[in-house]
Every structure is written in structure tokens, then in C-alpha cells.
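Letter by letter, the chains look like this.
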Amino acid sequence: MLTDGMVAILVVIAIATLIPVVIKIISDIDYKRQITGKRKERRFRGNRAPMSASDLEMSTEQNEEYQRREANLAELRIKSGQNLLGPK
């Protein structure tokens, strides 16, 4: 039979499993309401907005250097992953 401890563990596991599902459902509903216009679109307010590479104004030379640097970093990440996973 189930003891009180086992029931408590099952309840905790069920809650831990359901929380991300409920959050995803609520965020999907909120997104749909924003798209249909029932809710005003949320925008970032603050001093430091998140930046992407497209936000940076660079000259062609700086942009090429940035792309080379990003490619080199990606290559190093891939190689380090191969070292962790072993030889091919």
C-alpha cells in the first residue's frame, strides 16, 4: 500500500510536472490575446534593452570581423564538444 510519504512524493512530482504545462498554456493564451488585439502588446521598458547583432550599426569591415569572430567561436564550441564526446 501507499504510505503517507509515498503519497507526498507523488503529489510533489505531479505538481512539478504540471507547473511548466500550466505556464505554457497561460503564455499561449496571452500571446493569442495580444495577436488578436484583445490585449495590448507588451514591450520592454527600462534602461538596457536586449541587443542583437542586427541592432549594432557597424561598417562593412567591422561586420565582417564580427562574423569571422562568431564563426571562430562556433568552431571552437563544436571542437570542444567533440573532445567531450570522444573521437569520431
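Quantities reported herein were computed from a predicted structural model and do not represent experimental measurements.

Each value, and the rule that gives it
Residues numbered from 1 in each chain as written. Predicted model: local features only at pLDDT ≥ 70, side-chain atom pairs only at ≥ 80, totals over all residues. Heavy atoms only, no water. Salt bridge = Lys/Arg side-chain N within 4 Å of Asp/Glu carboxyl O. Helix = DSSP H or I, 4+ residues; strand = E, 2+ residues; numbered from the N terminus. Buried < 20%, exposed > 50% of the residue type's maximum accessible area, 1.4 Å probe, protein only. Patch = residues over 30% accessible without salt bridge, like charges linked within 9 Å, V, L, I, M, F, W, Y side chains within 5 Å. Areas by Shrake-Rupley, 256 points an atom, 1.4 Å probe, with all protein chains shown as cover. Expected span 1.5 Å × (residues − 1). Bend = angle between axes of the 7 residues up to and from the residue.

### Concerning the pattern of salt bridges
- Taken as a whole and judged by the stated rule, the model has 2 salt bridges.
- Where Asp28 meets Lys24, a salt bridge forms, and the shortest distance between an N and an O atom there is 3.2 Å. Highlighted residues: Asp28 and Lys24, both in helix H1 (residues 4-36), separated by 4 residues, approximately one helical turn.
- Among the ionic pairs, Arg68 bridges to Glu65, the shortest N-O distance being 2.9 Å. Of this pair, Arg68 and Glu65 are both found in helix H2 (residues 60-85), 3 residues apart, which corresponds to roughly one turn of the helix.
- Accessibility expressed as a relative area gives 46% for Arg68, which makes it partly exposed.

### Some remarks on a nonpolar patch on the surface
- Residues Leu2, Met6, Val7, Leu10, Val11, Ile15, Ile19 and Ile23 make up a contiguous nonpolar surface patch of roughly 720 Å² in combined accessible area.
- Along the chain, Val11 turns up in helix H1.

### Side note on H1
- The terminal C-alpha atoms of H1, which comprises 33 residues, lie 47 Å apart, in line with the 48 Å expected from a rise of 1.5 Å per residue.
- Its maximal kink placed at Leu18, H1 deviates by approximately 25°, while the proline Pro20 follows within four residues.
- After H1 finishes, the residue Gly37 shows a positive phi value of roughly 95°.

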